[in-house]
Amino acid sequence: MTMLDKQEGKSLHAPEGKITAPTVIWPEGWIQVKVPVPFSLKWVNSYLIPEEAGYTLIDPGLRTDEAIEVWNEALIKHNLQWTDMTRILLTHQHPDHYGLAGYVQERSGAPVFMTRGAHAYAVRLWGEGSDFSTVLQSLYEEHGMPGELREAIGENLETFVDMVSPQPEVTYFDAGSHIEIGGLSWLLIDAPGHAKGQLCFYQKERKWMVCGDQVLPHITPNVSVVPGEDGDPLKAFLDSLQELGLFEVKLAFPGHRDPFTDFEGRITELQQHHMRRLDRMAAMLAEEPRTAYGMCEVLFGSRLNGNAHQLRFAMSETLAHLVYLERRGRITSEISEGVRRFAAVTL
Ligand SMILES: [Zn+2]
Ligand SMILES: [Zn+2]
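Residues numbered from 1 in each chain as written. Chains lettered and ligands numbered in written order. Predicted model: local features only at pLDDT ≥ 70, side-chain atom pairs only at ≥ 80, totals over all residues.

Caption draft 1: Summary view of helix α1 (residues 65-77). Across its 13 residues, α1 extends 18 Å between first and last C-alpha, which sits within 8% of the 18 Å expected from 1.5 Å per residue. Next to the buried residues of α1 lie β2 (23-25) and β3 (31-36). Of the residues flanking the end of α1, it is asparagine 79, one or two places downstream, whose phi is positive at about 55°. (Helix = DSSP H or I, 4+ residues; strand = E, 2+ residues; numbered from the N terminus. Expected span 1.5 Å × (residues − 1). Contact = placed C-beta atoms within 7 Å.)

So, in structure tokens, the structure goes:
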């Protein structure tokens with residue numbers, strides 16, 4: 001709970017007690033729709049923002065029958081129709097945010113906005129003839145993951161195609177520009193690290209931040225090495241947190257869990273979390289050389305439970321930390337018999 005004035009949304013037309021859509025009304029008439037996702041995240045937040053005519057919809061959710069059912073109930077509860085959606089804005093390309101965009105576009109005719117970088121990822125993963133799964137599996141092979149787990153991850157990736165279909169016609173918008181949402185001007189801020197091309201939206205008079213998955217309460221946003229994207233995602237993430245920390249934020253609207261007020265404090269916690277993890281990993285490698293998969297098992301083992309989706313996140317997150325340590329000279333790695341092992345650098 002927060003100290004802000006919030007109330008459960010009620011419709012004048014819905015029969016009392018029958019419509020149970022998980023929605024919450026926030027100041028300025030914003031409607032938070034908790035769209036279910038079949039992962040441990042439980043739900044993704046969609047936000048409906050009233051415009052002079054219709055609504056702007058931020059991040060419609062993942063395409064599943066359950067999500068569509070919740071949307072249908074939410075529309076009835078708030079006396080809305082799909083055609084009231086005049087614009088769809090995506091903070092980023094992850095399927096739990098992007099997946100329903102095409103479905104809603106088909107029903108509303110609304111344009112779908114995302115960044116060029118975010119869209120490139122969607123095309124690479126779910127476009128015709130995508131080889132992403134093969135490339136990811138060979139990366140994991142180099143990093144010591146057993147074959148049956150790589151295959152399970154490949155199969156799990158395939159299941160997402162239906163959950164992002166149909167894919168939307170996209171219009172690009174860019175970091176650094178301003179757009180009007182709900183009658184106010186919002187700055188689009190580049191927020192990489194969790195997803196390349198992700199945007200946060202900042203409104204300086206209200207001091208509100210729509211933060212996508214970059215800063216989440218209670219959840220540590222995943223930071224993954226993604227094949228085909230150069231670089232050092234954890235460095236990008238930490239730099240982005242530092243930049244976001246410069247904005248004065250009174251209310252943050254995250255992609256998961258509930259809107260929250262202590263944006264700055266949450267950023268500090270996330271920074272400390274990664275620093276602790278980096279130190280722990282460097283210490284593990286000072287004991288003995290290990291593969292990324294070996295590290296991943298130690299760091300996340302009991303939480304993975306044979307879940308291919310979780311394993312992919314855990315493995316790519318482990319790699320992001322290893323890349324960070326290696327680029328800063330704290331660890332080194334070499335390949336022997338096709339498998340890369342990391343070791344601490346002793347000074
Ligand atoms: Zn995400
Ligand atoms: Zn998400």
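What follows picks up the thread again.
Caption draft 2: Quick peek at the sheet that holds strand β10 (residues 184-190). Judged by pairing direction, the sheet is mixed, and its five strands sit side by side in the order β9-β10-β11-β12-β13 without closing on themselves. Taken across any chain shown, the strands that pair with only one partner, and hence form the sheet edges, are β9 (178-181) and β13 (251-254). The average undirected angle you get between the axes of adjacent strands in this sheet is 25°. The pairing of strand β11 (residues 199-203) with strand β12 (residues 208-212) spans three bridges and is antiparallel. Looking across to β12, one finds that phenylalanine 201 is bridged to valine 210. (Pairing = 2+ DSSP bridges. Axes fitted to C-alpha atoms, helices over the stretch in contact; angles between N-to-C directions.)

Caption draft 3: Layout of the confidence of the model for the protein chain. Taken over all residues, the pLDDT of the protein chain has a mean of 93, while the share at 70 or more is 95%. Throughout residues 1-16 the model reports pLDDT below 50, and contacts reaching past four residues in sequence, or to other chains, amount to 24 contacts. (pLDDT = per-residue confidence, 0-100.)

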